[in-house]
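# Fold and contact review
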Amino acid sequence: MRSDPLAYLTSELDTLKQQGLYRHLRILEDEQKAKTTFDHRQVVNLSSNNYLGLTTHPRLREAALEATRRFGVGSGSVRTIAGTMEIHMELERRLAAFKQTEAVVVFQSGFAANAGTVAAVLSKEDVVVSDALNHASIIDGARLSRATIKVFPHKDVDAARRVLRDLPSAQRKLLITDGVFSMDGDLGALPELCALAEEFGCIMMVDDAHASGVFGKNGRGTVDHFGMHGRVDIQVGTLSKAIGALGGYVAGTRDLIDFLYHRARPFLFSTSHPPAVAAACIAAIDVLMEEPQIIDRLWENARFFKSGLEALGFDTGLSASPITPVIAGEGALAMKLSDRLFQEGVFAQGLAFPTVPRDKARVRTIVTATHTRDELQFALDVFAKVGRELEII
Ligand SMILES: Cc1ncc(COP(=O)(O)O)c(C=O)c1O
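First, a word on scope: everything that follows refers to the structure included in this document. The structure presented is a predicted model; accordingly, all values stated were derived computationally and were not measured.

Mapped onto the elements, His88 comes out in helix α3 (residues 86-99). Accessibility expressed as a relative area gives 5% for His88, which makes it buried. Residues within four places of His88 in sequence aside, it is in contact with Ser75, Arg79, Gly83, Ser272, His273 and Ala278.

Encoded structure:
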């Protein structure tokens, strides 16, 4: 009999189990809401990126249903063959107006937008200068581009400057940061990096996945938040988190977008969004423009919950966004914390190495605009109880 050529995967999984780092997928049995049911248990949900509650917003739901009735469930092709529908073009026009850039291209996900764009605009003679905590999709795009990757320590602008100073001035360089870092909830050093990009002639790129719909006027992102309009060449946003549906986009000049239409591989080689997704995203932009009080509610909730965790004595790191880590230390402890919270009715995902540094394992909390004060107070009470039980506070 043939021996199993994948047996090494089983032994890697066994190692994860021994380390207490093996996770099963929690199954959502209801809608993606602030209080919902995972694995047969009703919990306060602090693990979703549904910042504004738009996954279940009536206007998005209705727009998706109407688009499905009119146009069917699939687009049937990649964008460059037969899969560009008028609704895809409308979404790109609406996003460009929203982001105040000349043009936008929409990808199937934020991951595809980052990886596809970095890989398309660079080649092996070029250099990517990247924050150490940038998202995996940026790193994958950089690897695919075959450019040289230079990583500077998280938010260390002086270190980024030293990297840039040592590079030939004629060399093409991409300087790139997340707008909001997904594991720590802190903001990228965007103003300082924009100044560096100008000094050293770099292409400046920001991944605003967790800032889309959260930071800036009407949720336009960190470029708007920091007043950096016109100084960032490539802005990536996601439609999968606060926007409530699915997708990613790149905002920039008309030529950048035309180039990506011709060279970004996820755009060229993967089928476009179902019309329902595009329609839901258009409705989400309407909500951001017409109901900005949702964003205010998100921030009020974030402040309440973050200050509650801090008052209890938890280490919440450097968070400046609705993402608040609760740092436990080693991986097994963070996973235990997450499991105990869940048993007590609070879902906060545990994160350990290699997603975060080995000694900074944590549970990550994300509040949304739709959590009630009672739900958040309940979650704080559970954190207090379990935190004391595990001697984290
Ligand atoms: C910082 C960051 N960039 C990009 C992405 C990818 O976005 P999407 O989920 O739309 O693929 C994520 C999501 O996990 C993220 O956290």
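This next bit is on the sheet that holds strand β9 (residues 248-252). The strand order across the open sheet built from seven strands is β3-β9-β8-β7-β6-β4-β5, with neighbouring strands paired in mixed fashion. Each having just a single partner strand, β3 (103-107) and β5 (148-152) make up the two edges of the open sheet. Neighbour-to-neighbour, the strand axes of the sheet open up by a mean angle of 20°, direction not taken into account. Pairing between strand β6 (residues 173-178) and strand β7 (residues 203-207): five bridges, direction parallel. Within β7, the residue paired with Leu175 across the bridge is Met204. Docked against the sheet, helix α7 (residues 190-200) engages β5, β6 and β7, running at close to 175° with respect to β6.

Within the secondary structure, Arg303 sits in helix α12 (residues 293-312). Remark: the alpha-carbon pair of Arg303 and Asp186, spanning 117 residues in sequence, is separated by 14 Å.

Within an α-helix, residues lying three or four positions from one another point in the same direction, as the helix has 3.6 residues per turn. Here α3 spans 20 Å end to end across 14 residues, near enough to the 20 Å set by a 1.5 Å rise per residue. Regarding α3, the residues found buried are Ile87, His88, Leu91, Glu92, Leu95, Ala96, Phe98 and Lys99. Looking at the buried positions of α3, the neighbouring elements they touch are α2 (58-71), β3, β8 (234-238), β9, α9 (254-263) and α11 (275-290). Looking one or two places after α3, you find Gln100, whose phi comes out positive at around 60°.

So, about the site of the ligand. Taken together, 15 residues sit near the ligand, with Gly110, Asp207, Thr238, Ser240 and Lys241 positioned nearest. A distance of 2.9 Å separates an oxygen atom of the ligand from a polar atom in the backbone of Phe111. Contacts to the ligand include Lys241, whose side-chain N or O atom sits 3.0 Å from an oxygen atom. Burial of the ligand by the protein chains amounts to 83% of its free accessible area of 380 Å². Per-element accounting of the shell around the ligand gives the leading share, three residues, to helix α4 (residues 110-121).

This part is about the pairing of β9. When you tally the buried positions in β9, you get five out of five residues, the bulk of the element. A two-sided burial pattern is seen for β9, the buried positions comprising Gly248, Val250 and Gly252 on one face and Tyr249 and Ala251 on the other. The pairing of β3 with β9 spans five bridges and is classified as antiparallel. Looking at β9, one finds that Val104 is bridged to Ala251. Where β8 and β9 come together, four bridges link them in antiparallel fashion. Each residue of the ladder has a partner; that of Gly237, found in β9, is Tyr249.

Bringing the packing of aromatic side chains into the picture now. With the rule as written, the count across this model stands at seven aromatic pairs. Plain terms: the ring middles of Tyr261 and Phe267 are 4.9 Å apart, the flat faces sit at 15° to each other, and that makes the pair stacked. For the pair formed by Tyr261 and Phe267, the shared burial category is buried. The structure contains a cluster of three or more aromatic residues connected by ring pairs, namely Phe38, Phe342 and Phe347. The aromatic ring of Tyr22 is capped on one face by Lys17, whose charged end is 4.7 Å from the ring centroid. Above the face of the Phe353 ring, Arg358 is positioned so that its terminal group lies 3.8 Å from the ring centre.

Each value, and the rule that gives it
- Residues numbered from 1 in each chain as written.
- Predicted model: local features only at pLDDT ≥ 70, side-chain atom pairs only at ≥ 80, totals over all residues.
- Heavy atoms only, no water.
- Helix = DSSP H or I, 4+ residues; strand = E, 2+ residues; numbered from the N terminus.
- Buried < 20%, exposed > 50% of the residue type's maximum accessible area, 1.4 Å probe, protein only.
- Contact = heavy atoms within 4.5 Å.
- Pairing = 2+ DSSP bridges.
- Axes fitted to C-alpha atoms, helices over the stretch in contact; angles between N-to-C directions.
- Expected span 1.5 Å × (residues − 1).
- Near = heavy atom within 4 Å.
- Polar contact = N/O pair within 3.5 Å; in protein donor to acceptor, adjacent residues only side chain to side chain.
- Areas by Shrake-Rupley, 256 points an atom, 1.4 Å probe, with all protein chains shown as cover.
- Phe/Tyr/Trp six-rings, centres within 6.5 Å; stacked < 30°, edge-to-face > 60°.
- Lys NZ or Arg CZ within 6 Å of the ring centre and 35° of its normal.

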